[in-house]
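# Structure assessment
Chain by chain, the residues run as shown.
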Amino acid sequence: MDDAWPETVNGWELAREGHIENYRKRLANRVTVTAIWENGTGRGQVDARTEPLGGGRTLTSSRKDFRDKDAFWTAATCVLEMAANLPSLEWHTSPAPTALAGTVAGMVEAEPGTSGYPEAELTFTLTDGQTVTLCMTDEQAFDLSNSIYRLDHHVWSEEREDEEEDEDDDYDDVDSVVEDETPDVSEVRSGPDTGHDLVTVLEERFGVTEDNLLAHVDWSALIVVGEPAVSSLVDRGDELTAAVAPRWYPVVADRPGERWVVLKRTGLRYHGE
């Protein structure tokens, strides 16, 4: 059956039938994501199914009309991320590989990605000789950096503080210690950091659900489409700007026959500008 999928593009198996491109990605949890794109029509379909060849029960699917192929791949990435987080469905015939686990040997190599999107490639060499390369979007790499920082702070910082206190005791000839006053930060609020934080703010404070959201593959922008969500955000523009600052800022984009509210990452340009 795999002979019908002769090509591989960015980790997706690809089979072409005239102007139709069929993509497939089989996951370790026994879910298969299929994506079909019709060149020249602006139509496609993305499905996550419970059967390894893509013919089982549908778990989720995308809409069928897209403004361009970038929007199609945005939908495919969203469906893929959702499917990858599902528990294993234990379909015994799935050819998808199982998850790797092992001890990392030496340093982790970190290089810029080559797919055309802002991403990072992390290469791990395991003690059993296997090499594993992970391609991460800019958003995922940013979240990973923050997670490692928090891990360092909570797991190892206490040990370092104890060592520093021992060193201070050796040279402590100060009769009294002046304690600095701790500023009151109870009223300070920080805006959303990651794209997932931004989605939470939009839903909890503005009532915008995921049905009205599109995200760039690299999460450089989150797009709100459809009414009344767009009009509501436009009317509450000042409140929205304050709620998402400083990492995000909103703009209104006029599209053929509709308006979008585009929330962009600070310091990045939206490709539609």
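Up top is the structure these notes are about.
Throughout what follows, the structure given in this document is the object of discussion. Since we're looking at a predicted model, the values are computed, not measured.

Tracing the backbone through its elements, the reader meets Q45 in strand β5 (residues 43-49). Q45 gets classed as buried once you look at its relative accessible area, which sits at 14%. There is a polar contact of 3.3 Å between the side chain of Q45 and the side chain of D47.

For the rest of this paragraph, the subject is the side chain of E21. Tracing the sequence through the fold places E21 in strand β3 (residues 20-26). A relative accessible area of 7% means that E21 is categorised as buried. A distance of 3.5 Å separates the side chain of E21 from the side chain of R16, its partner in a polar contact. A distance of 2.5 Å separates a polar atom in the side chain of E21 from a polar atom in the side chain of Y23.

This part covers the packing of aromatic side chains. According to the stated counting rule, one finds 4 aromatic pairs in the structure shown. With 5.5 Å between their ring centres and 65 degrees between their planes, W12 and W73 make a pair best called edge-to-face. Here W73 lies in helix α1 (residues 69-84) and W12 lies in strand β2 (residues 12-17), a separation of 61 residues in the sequence. Assigned by exposure class, W12 and W73 land together as buried. Between Y23 and W73, the aromatic rings sit 4.8 Å apart at their centres with planes inclined by 75 degrees, giving edge-to-face as the arrangement.

Another point: the nonpolar core. Within the largest apolar cluster, 20 residues are counted, with the highest numbers of intra-cluster contacts made by L202, F206, V208, L222, V224, L240 and L263. Residue assignment for this core shows that the elements contributing at least two residues are α3 (195-206), β10 (213-215), β11 (221-224), α4 (229-235), α5 (237-244) and β13 (258-265). Per-element tally for this core: the top contributor is α3, with 5 residues. For L202, the residues in contact, after removing those within four places along its chain, are G207, V208, L213, L222, V224, L240 and L263. By size, the runner-up hydrophobic cluster in this structure holds 19 residues, among which are L14, L27, A71 and W73.

Taking strand neighbours across the sheet as the criterion, the 3 strands line up as β7-β8-β9 in an open arrangement whose pairing is antiparallel. A single partner strand is all that each edge strand has here, and the edge strands are β7 (109-112) and β9 (131-137). The sheet shows a mean angle of 20 degrees between the axes of neighbouring strands, direction not considered. Where strand β8 (residues 119-125) lies against β9, 7 bridges are found, and the strand directions are antiparallel. Among the inter-strand pairings, F124 is bridged to a residue of β9, identified as V132.

About the cut-offs
- Residues numbered from 1 in each chain as written.
- Predicted model: local features only at pLDDT ≥ 70, side-chain atom pairs only at ≥ 80, totals over all residues.
- Heavy atoms only, no water.
- Helix = DSSP H or I, 4+ residues; strand = E, 2+ residues; numbered from the N terminus.
- Buried < 20%, exposed > 50% of the residue type's maximum accessible area, 1.4 Å probe, protein only.
- Polar contact = N/O pair within 3.5 Å; in protein donor to acceptor, adjacent residues only side chain to side chain.
- Phe/Tyr/Trp six-rings, centres within 6.5 Å; stacked < 30°, edge-to-face > 60°.
- Core = buried A, V, L, I, M, F, W, Y, C linked by side-chain atoms within 4.5 Å.
- Contact = heavy atoms within 4.5 Å.
- Pairing = 2+ DSSP bridges.
- Axes fitted to C-alpha atoms, helices over the stretch in contact; angles between N-to-C directions.

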